[in-house]
Amino acid sequence: MAKKKQVEWRYRHDSDPTSFEQDAELAALMQLLARSANVQPSPKFQKNARRQLLEKLPARASPEPTWLAYLRNLWQQGQIPQRTALAWMLLLLFLFTTLFATGGAVYASADAVPGQALYPVKLGVEDWRLWLTEDSLERAHMHLAFADRRLGEMEQLLATGNAAGIQTAADRYIQHATQSQAQLVPTVANAGVLALTNTAQQTFTHNELALVNLNRQAPPDSWGSLNRAYATTANAREAAQSVLLTVAANDQERAQLRLEFANQRLALAVAWADSGRTTELSQVLADYSQQVELVSALIWQTDVTDTWLVNWGALLSQHDAVLAEVAQRAPMAASAAIAHAHHVSQTGRRVVEAILAGEEIPGPPVQVGPPDDVPGVGPPADPPVGPPADLPVVPPVVPPVDPSADPPVDPPGVGPPPWSGGPGGPNPGDGQPPWTGGPGGPPRP
Amino acid sequence: MWSNQASAEERQLIKKAAAGDKNAFGDLYVAYLQPIYRYIYYRVGQKEEAEDLTELVFLKVWEALDGYEQRGIPFKAWLYRIAHNAVVDNYRTQKDTVALESQWSLEDGGQGPEATAMANEREELLRQALLTLDPDYQEILVLRFVAGLSHADVAVAMGRSEGAVRALQYRALGALRDSYAQQQQNII
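Residues numbered from 1 in each chain as written. Chains lettered and ligands numbered in written order. Predicted model: local features only at pLDDT ≥ 70, side-chain atom pairs only at ≥ 80, totals over all residues.

**As for the overall build of chain B**
Working step 1: Counting its regular elements, chain B contains eight helices and zero strands.
Working step 2: Its helices and strands taken in sequence order, chain B reads α-α-α-α-α-α-α-α from the N to the C terminus.
Working step 3: Here chain B, with 188 residues, has 44% of them falling under the buried criterion.
Working step 4: Sequence separation of at least 24 residues holds for 65% of the intrachain contacts in chain B that already meet a minimum separation of 6. (Helix = DSSP H or I, 4+ residues; strand = E, 2+ residues; numbered from the N terminus. Buried ≥ 20, exposed ≤ 12 C-beta atoms within 10 Å, placed from the backbone. Contact = placed C-beta atoms within 7 Å.)

Listed below in structure tokens is the structure:
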């Protein structure tokens, strides 16, 4: 098999004892590049770089009030004497006790939405909770939870058509999403980061779905806010997925992850088809196609069990059925993207059949992207470590299509601006049952 | 060049910048401008694009600095991680990867004409060899030998384990050796 030859070549190449000295020379040569006078920013750029950057820096939105940040800073630097700190803590405790004991305002504010008198109390309590939380990962989890709250508020506000309120909630949502995304760093050894990343991937995937539904129903003056919230969500979801792919132990795990991502994209495609939005639908289908192609490439390179292959083939058959539904509901302009997705899905099935039949495949169906999915950029595959693990059987999940879904709501000529981020998805609340627990998507946290 | 471990001065700058001090952030920018530019330039191969991306990286750093925790991840590795992501995003948006050999231009570095010519020729050969490599190979070689990052920092920047980084570097050097020899043969 070509795959085996590739691995053999790699090991033979690596074990060549004469290569060490030459590699040392090359390393020294490479360091010459580091000192090369040819690689410098232009003098004009260097001269103005600092000023131009400072002009472009936006004021950073802080999740905590400035004076809280100041106090935190003083505390961390040990500039608040212990006695003073104790006095402050007692005072704060007293204030809190009074607040809780007297009015119940905090409790009452839990259901407040932007525009209501108790809403600032609700946000204040959240800010306090964030400020009191020292652990950055725990804070990131809290940001995720608070982002979810803002989403719920947007859904509540939608009923009243309160565009200003939606904008307020959307802005806070963006802050929380951005803050939680900042913690998504691929540190392999840190189980806490991994847990956060998994939660974030699930949450943001769900939020994409919710925002698609919101956008479909929201008044036009809310579209800008929702678009920004959606773009932030899509970026955060992509970042989380990128981290998951990066820290995956091997190609088998990556194939499993991409399979799940493909399912999620397809579910999203159904929602966009119902929305009648060609651009977004085409983008989602392109993402779906890419994930399926990459799964095909990964299973070609990596030994997976026949059971896994059979399930993947069955899943692709289900995808074909869903794509047929999408084709019926989508605007004609999306037909090319749908046809491509169909083609990719069918090609994936043929790859499965070829592998199961033990046929010789001349080459990988597509170049496998690196963990960050650089299109057309293939990473070197690490040599397989150990025997192939038996990947979990994945029940095919078909994103259900609601036949009674609303027709496209874009008024002629006044369509909402296109999403600037990634794809969106179906909303569990729009007549489609929520994720079913399989690879198709996450439960709402 | 800043060392791998952030100095007290650098930590102070980071803290101030995280609190919203733009001037402190400007100082960080000036300190890291050259190495980050160099890293990006070797990945994208165009001066103007590298300059734009360098600025973009620092804008992203500014946005994310608030969530940066100094404990755990070295600032420099975190910075290169963001630069790595920016380059990857750039690949995504510009799928038609540029033919790098047409972009790299050699200049007289202030040496004599003959020495400059020889140095330039060797640099050019190496660059040509580098650009024929798989992007992951390019990345690890640039991070290790041009940016001067440790294996641990490269692991953070590339999102891989340290062991995988060592293995990748070994394979990358092997590939570079083959490619460099090929470039030399082409000249002969």
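**Let's talk about the overall build of chain A**
Working step 1: Check the secondary structure of chain A and you find 15 helices and zero strands.
Working step 2: Residues classed as buried in chain A amount to 41% of the 445 residues present.

**What to know about the nonpolar core**
Working step 1: Within the largest apolar cluster, 77 residues are counted, with the highest numbers of intra-cluster contacts made by Ala269, Leu281 and Val295 of chain A.
Working step 2: At the level of secondary structure, the elements contributing two or more residues to this core comprise helix H8 (136–160), helix H9 (163–181), helix H10 (191–217), helix H11 (223–247), helix H12 (251–275), helix H13 (278–301), helix H14 (306–329) and helix H15 (335–356) of chain A.
Working step 3: For this core, the element with the most residues is H12 of chain A, which contributes 13 residues.
Working step 4: The contact partners of valine 295 of chain A, leaving out residues within four places of it in the chain, are Ala255, Arg258, Leu259, Ala262, Trp312 and Gly348 of chain A.
Working step 5: One finds Ala18, Leu28, Trp62 and Phe145 of chain B within the second-largest nonpolar core, a separate group that totals 64 residues. (Core = buried A, V, L, I, M, F, W, Y, C linked by C-beta atoms within 7 Å.)

**Side note on the packing of H13 of chain A against H15 of chain A**
Residue and element names in this part refer to chain A.
Working step 1: Running from N to C, H13 and H15 cross one another at 15°; their axes reach a closest spacing of 9 Å. The orientation of H13 with respect to H15, classified from their angle, is roughly parallel. In terms of crossing hand, the pair formed by H13 and H15 is left-handed. Contact residues: Leu281, Ser282, Leu285, Ala286, Tyr288, Ser289, Val292, Glu293, Val295, Ser296, Ile299 and Trp300 in H13; Ala337, Ile338, His340, Ala341, Val344, Ser345, Thr347, Gly348, Val351 and Ile355 in H15. (Axes fitted to C-alpha atoms, helices over the stretch in contact; angles between N-to-C directions. Parallel < 35°, antiparallel > 145°, perpendicular 65-115°, else oblique. Left-handed = near helix turned anticlockwise from the far one by under 90°.)

**Digging into the environment of tyrosine 68 of chain B**
Residues and elements named next belong to chain B.
Working step 1: Along the polypeptide, tyrosine 68 turns up in the loop between helix H3 (47–64) and helix H4 (75–93).
Working step 2: Residues tyrosine 68 and tryptophan 78, ten residues apart in the sequence, show an inter-C-alpha distance of 8.6 Å.
Working step 3: If near-sequence neighbours (up to four positions away) are discounted, tyrosine 68 is found in contact with Ala18 and Trp78.

**Here's the deal with the environment of glycine 20 of chain B**
Residue and element names in this part refer to chain B.
Working step 1: Here glycine 20 is to be found in the loop between helix H1 (8–18) and helix H2 (22–44).
Working step 2: Since 17 C-beta atoms lie within 10 Å of it, glycine 20 is described here as partly exposed.
Working step 3: Note: C-alpha distance between glycine 20 and aspartate 66 (46 residues apart in sequence) is 8.4 Å.

**Details of the confidence of the model for chain B**
Residue and element names in this part refer to chain B.
Working step 1: Confidence along chain B averages 78 in pLDDT terms, with 80% of residues attaining 70 or more.
Working step 2: The low-confidence segment residues 96–111 (pLDDT under 50) makes 25 contacts with residues lying over four places distant or belonging to another chain.
Working step 3: The ipTM, which scores confidence in the relative placement of chains, is 0.73 for this predicted complex, and the corresponding pTM is 0.46. (pLDDT = per-residue confidence, 0-100.)

**Section: the environment of isoleucine 299 of chain A**
Residues and elements named next belong to chain A.
Working step 1: Secondary-structure assignment places isoleucine 299 in helix H13.
Working step 2: We classify isoleucine 299 as buried; it has 25 C-beta atoms within 10 Å.
Working step 3: Not counting residues up to four positions away in its chain, the partners in contact with isoleucine 299 are Ala255, Val304, Leu309 and Ile355.

**Concerning the confidence of the model for chain A**
Any segment with low pLDDT has predicted coordinates that should not be analysed in fine detail.
Residue and element names in this part refer to chain A.
Working step 1: Looking at chain A as a whole, the pLDDT averages 70, with 65% of positions reaching at least 70.
Working step 2: No element of chain A has a lower mean pLDDT than helix H1 (residues 2–14), at 41, and none a higher one than H15, at 89.
Working step 3: Low confidence marks residues 364–445, where pLDDT is under 50. Its contacts with residues over four positions away, or in another chain, come to 203 contacts.

**Focus: the packing of H9 of chain A against H11 of chain A**
Residue and element names in this part refer to chain A.
Working step 1: Put simply, H9 and H11 touch, their axes get as near as 9 Å, and they point 15° apart. Comparing the axis directions of H9 and H11 gives the class roughly parallel. Every pair of crossing elements has a handedness; the one defined by H9 and H11 is left-handed. Here Ile166, Gln167, Ala170, Tyr173, Ile174, Ala177, Thr178 and Gln181 of H9 lie close against H11, whose contacting residues are Ser225, Leu226, Arg228, Ala229, Thr232, Thr233, Ala236 and Ala239.
Working step 2: A class-by-class count of the residues in the contact of H9 with H11 yields nine nonpolar, six polar and one charged. (Nonpolar A, V, L, I, M, F, W, Y, C, P; charged D, E, K, R; others polar.)

**Notes on helix H7 (residues 151–158) of chain B**
Two residues of an α-helix separated by three or four positions point the same way, owing to the 3.6 residues in each turn.
Residues and elements named next belong to chain B.
Working step 1: Counting buried residues along H7, six of its eight residues qualify, which places the element largely inside the surrounding structure.
Working step 2: Residues of H7 that are buried include every one of Asp153, Val154, Ala155, Val156, Ala157 and Met158, and no others.
Working step 3: After H7 finishes, the residue glycine 159 shows a positive phi value of roughly 70°.

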